[in-house]
Amino acid sequence: MLPPLRIGPLTVDTPVVLAPMAGVTNRAFRRLCREHGAGLYVAEMVTSRALVERTEESMRIIRHDDDERPRSVQVYGVDPATVGAAVRMLVEEDRADHVDLNFGCPVPKVTRRGGGAVLPWKRDLFAAIVRAAVEAARPGGVPVTVKMRKGVDEDHLTYLEAGLVAQDLGVAAVALHARTAADYYSGTADWDAIARLKETVTDVPVLGNGDIWSAEDALEMVARTGCDGVVVGRGCQGRPWLFADLAAAFHGSDARVRPGLGEVAAVVRRHGELMIEEFGDELKAMREMRKHMAWYLKGYVVGGSLRARLGLVETFAQLEDLLGELDLTQPYPGAAAEGQRGRAGSPKRPVLPEGWLDSRDLDDAFRSALAEAELSVSGG
Ligand SMILES: Cc1cc2nc3c(=O)[nH]c(=O)nc-3n(C[C@H](O)[C@H](O)[C@H](O)COP(=O)(O)O)c2cc1C
């Protein structure tokens, strides 16, 4: 059990954060999670440049329901001035109550240009981005947090130093996905690193992230690392009710949601409805729902043909018909529905700009490449 999580002026009674996930944690999914539990629900990341340019997609990403509080937005950027401008826009136009900065993206097209999880290696640039965001947010009293990985690889770790720098610059919390860029999503998260960060960063809350698949995992992470709160990503894909389990666990109850297939089908239907509201386009909404099907149905007995048809759904009426074909009396399958889900894979040698690791300072040659690092990102 933990006390409420304090992020600047915000109090989060249950110290649980929904990890930002591009393509997943949109307004519809956050609402679904909120209907089951309590916590801080972070939106999909938005790039600072897209936000400053007010692209249609970036404006969709930062939209919140009227009753969604706190309104949390995650910004990804590589240029201090643009990040500052994006945060200023969020604050001056009263579009967010919390801004998280993304330094965790491991995808090659981002790290190739020096962005994402390999950016904190350039310590001045990291500090400049964090400083710009904190200064832009201060007039509105909006707390800024940093989400990062351990570093480039085991020989080039950055998280302890970056945590201290961020703390000194006035962030309200730091979150660590306890893997390096090279780990990608492989193996198991290194919770010992979260414990080391907690020993190092002592003035602001430290949030632990990586491989929480159940409420028991969350309690274990807290016990093992001393972290002030947990950040849950893949574990809630296809299981928004995990937030009910987490809330129960953090309040000392061992009540857990164990849905039969009928209850799962009802949540899928609700998710589909909310997605149509989110995108205002039924086909787009149903296309986005397809990837969720395998997550929702993990562990339940569902025939291959029905699974395949759910994975190709095009209309809401079709979704309802297909859900009606499920054996809605099927009980919760236990372990088969639990454990790891979502993105996995093997370690990858991070693709870096040539010479990136030679120096901790940014030289001009990297600056222009970096600007492009923001143009084509998605995911974390
Ligand atoms: C589909 C997907 C999209 C993600 N998008 C983002 C993102 O936009 N911003 C970010 O900081 N991390 C992103 N991440 C990383 C997660 O926030 C989280 O750090 C990671 O999945 C580890 O936590 P978990 O083990 O609980 O999943 C993404 C992860 C996944 C699986």
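Residues numbered from 1 in each chain as written. Predicted model: local features only at pLDDT ≥ 70, side-chain atom pairs only at ≥ 80, totals over all residues.

1. Some thoughts on the overall build of the protein chain
As a reminder of what qualifies: Labels follow the DSSP assignment, with helices taken as runs of H or I lasting at least four residues and strands as runs of E lasting at least two, numbered in each case from the N terminus. In this treatment the radius of gyration is a C-alpha quantity, and the globule benchmark scales as 2.2 Å times the residue count to the 0.38 power. Using C-beta atoms placed from the backbone, we call a residue buried if 20 or more other C-beta atoms fall within 10 Å of its own, exposed if 12 or fewer do, and partly exposed for counts in between. C-beta atoms are first placed from the backbone for all residues, and any pair lying within 7 Å is then listed as a contact.
Along the protein chain, the regular secondary structure elements total 15 helices and 12 strands. Its C-alpha radius of gyration of 20 Å places the protein chain within 12% of the 21 Å reference for a compact globule of 380 residues. Per-residue burial over the protein chain gives 52% buried out of 380 residues. Within the protein chain, counting contacts between residues at least 6 apart in sequence, those at least 24 apart form 73% of the total.

2. Some points on the UniProt feature "domain: DUS-like FMN-binding" (unreviewed entry) in the protein chain
To keep things clear, this is the line we draw: UniProt positions are given in the numbering used here, feature names are shortened, and annotations may be inferred rather than shown by experiment.
Annotation from UniProt places "domain: DUS-like FMN-binding" (unreviewed entry) at residues 18-313. Annotated as 46% helix and 15% strand, the span residues 18-313 places its first and last C-alpha atoms 27 Å apart.

3. Let's talk about the pairing of strand S7 (residues 144-149)
Each regular strand displays side chains that alternate between the two surfaces of the sheet. So the rule is basically this: We call two strands paired when DSSP finds no fewer than two bridges between them.
Burial within S7 is extensive, with six of its six residues counted as buried. With burial as the criterion, each face of S7 is covered, one bearing Val 144, Val 146 and Met 148 and the other bearing Thr 145, Lys 147 and Arg 149. Bridge count for strand S6 (residues 98-103) against S7 is five bridges, and the pairing is parallel. If you follow Asp 100 over to S7, its bridge partner there is Thr 145. When S7 meets strand S10 (residues 173-177), the two strands line up parallel, connected through five bridges. Residue pairing across strands places Thr 145 opposite Ala 173, the latter belonging to S10.

4. Quick notes on the sheet that holds strand S3 (residues 16-18)
Here is the rule: For helices, the axis comes from a line fit to the C-alpha atoms of the stretch in contact; other axes are also lines fit to C-alpha atoms, and the angle between any two N-to-C directions lies between 0 and 180 degrees.
One closed barrel holds the eight strands; their spatial order is S3-S4-S5-S6-S7-S10-S11-S12, and the pairing between them is parallel. Looking at each pair of strands side by side, their axes are set apart by 25 degrees on average, direction ignored. Along the sheet, helix H8 (residues 191-200) makes contact with S10 and strand S11 (206-209), crossing S11 at roughly 175 degrees.

5. Remarks on the environment of Leu 119
Tracing the sequence through the fold places Leu 119 in the loop between helix H5 (108-111) and helix H6 (123-137). Exposure remark for Leu 119: the 31 C-beta atoms within 10 Å place this residue in the buried category. Remark: the alpha-carbon pair of Leu 119 and Val 78, spanning 41 residues in sequence, is separated by 7.9 Å. When residues no more than four places from it in sequence are discounted, the contact partners of Leu 119 are Val 78, Phe 103, Gly 114, Leu 125 and Phe 126.

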